[in-house]
Amino acid sequence: MREAMYWEPLEGNRVRCRLCPLNCIIDEGQRGSCRVRKNIGGRLYTLNYGKVSSIAADPIEKKPLFHFYPGSCAFSIGTVGCNMHCIHCQNWEISQADETFPYLEDATPEAIVRLAQHYGCESIAYTYNEPTIWYEFVFDTAKVAKKTGLKNVLVTNGYINEEPFRNLAPYIDAMNIDIKAFGDEFYRKVSKVPGAEPSKRTAIIAKKEFGIHVELTYLIIPTLNDSEDEIRAFARWVVEELGDDTPVHFSRFFPHYKLLTLPPTPIETIEKAYRIAREEGLKFVYVGNVPGHEGENTYCPKCGKPLIVRWGFTIEEYHIKDGRCEYCGEPIPVVGEYKKRHYRSMWW
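Going by an unreviewed UniProt entry, the protein chain carries the name AmmeMemoRadiSam system radical SAM enzyme and comes from Thermococcus aggregans.

Spelled out as structure tokens, the structure:
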């Protein structure tokens, strides 16, 4: 436990947390919506600093990041807590938990960096639950990692206030931002937060102001965020605000947590979203949670040849050289050259 960043004192020993757009006003002895920031004696404390719930050496493609150091290893860590309460969360056991979760291990930023190096990883990915919820630990670890040459990756819902994000952003190299839907109603009913604007704003600031590599994930849930109009509006926004070269992953939903009444997303729905996004001008669109689908591959936007052939998280063919299509020479926006990497497996 340590004092949190980004809060202000209020009358009556209350505090206001300024980390995320919920801006929770917290009475003494109470916690914010995230469950892991607590008012103790009129000061705000973070309860999950260095508390690791999950750790693995993952393919970077699992984040998913398809245009960032392809084939590399991301040393992935997570904690407990989240500022959203999505009723379909696949990691609800940790995202909806607090520091009493029974399988937490203590770690320091220096220890995480040493482990990432030991297992031959090129980056550290802050993932599994919402990484901005242990902002202080991510901030400290990212600074240490940056000095060693390791890359820092956020897999995030993007629901963070501007000031804390701008202070963290110089240490972040890549982000996959989960855009839950393109309408506020979904965020209110399914994710239990006011709306989508903060996540969209974070994506724009990250890419346009800080040059962070940004990819987006849109999990398509039947009847909730799968209408053609919504998908088309989302794709158009990406083209206009982030650029037509921004990778977008449309992922297939499977029933989970509290949302068990809906069926898995039909593959035809995912394929329709893929076509709509391409029609709206996006050059790099991907199909997620459908292993072996052709939509996992990267295609040259000029000649149409498959440049990166994938099966799940594995790269089977790679035809980009010096940032260009090997067939026609078209520039392809992929950060880092692909090398068939070998890294140590690990158990936690």
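On to helix α7 (residues 228-242). Structurally, the α-helix is built with 3.6 residues per turn, so residues lying three or four positions apart point the same way. Over its 15 residues, α7 runs 21 Å from end to end, which matches the ideal 21 Å to within 8%, given 1.5 Å per residue. Among the residues of α7, those classed as buried are Glu230, Ile231, Arg232, Phe234, Ala235, Trp237, Val238 and Leu242. Looking at the packing, one finds that the buried side of α7 touches α6 (197-209), β14 (213-220), β15 (248-252) and α8 (267-279). At the C-terminal side of α7, Gly243 shows a positive phi close to 110°.

A full pass over the atoms with the stated rule returns 18 aromatic pairs. Between Trp92 and Tyr257 the ring centres are 4.9 Å apart and the planes differ by 10°, which places this aromatic pair in the stacked class. Note that Trp92 is positioned in helix α1 (residues 92-95) and Tyr257 in the loop between β15 and α8, a separation of 165 residues in sequence. Judged by its relative accessible area of 33%, Trp92 falls in the partly exposed class. Judged by its relative accessible area of 23%, Tyr257 falls in the partly exposed class. Members of the aromatic cluster, joined through ring pairs, are Phe182, Tyr218, Phe234, Trp237 and Phe250. Stacked on the ring of Tyr49, the Lys or Arg Arg2 has its end atom at 3.6 Å from the ring centre. Lying over the aromatic face of Phe182, Lys200 brings its terminal NZ or CZ to 4.2 Å of the ring centre.

Between side chains of opposite charge, pairing is possible as soon as their charged atoms come close. Enumeration over the complete set of coordinates arrives at 25 salt bridges. As a salt-bridge pair, Asp58 and Lys62 come within 3.6 Å of each other at their nearest N and O atoms. Across the salt bridge formed by Glu228 and Lys272, the nearest N and O atoms sit 3.5 Å from each other. A residue pair is termed long-range when its members are at least 10 positions apart, and Glu228 in helix α7 and Lys272 in helix α8 qualify at 44 residues.

What counts and how
- Residues numbered from 1 in each chain as written.
- Predicted model: local features only at pLDDT ≥ 70, side-chain atom pairs only at ≥ 80, totals over all residues.
- Heavy atoms only, no water.
- Helix = DSSP H or I, 4+ residues; strand = E, 2+ residues; numbered from the N terminus.
- Expected span 1.5 Å × (residues − 1).
- Buried < 20%, exposed > 50% of the residue type's maximum accessible area, 1.4 Å probe, protein only.
- Contact = heavy atoms within 4.5 Å.
- Phe/Tyr/Trp six-rings, centres within 6.5 Å; stacked < 30°, edge-to-face > 60°.
- Lys NZ or Arg CZ within 6 Å of the ring centre and 35° of its normal.
- Salt bridge = Lys/Arg side-chain N within 4 Å of Asp/Glu carboxyl O.

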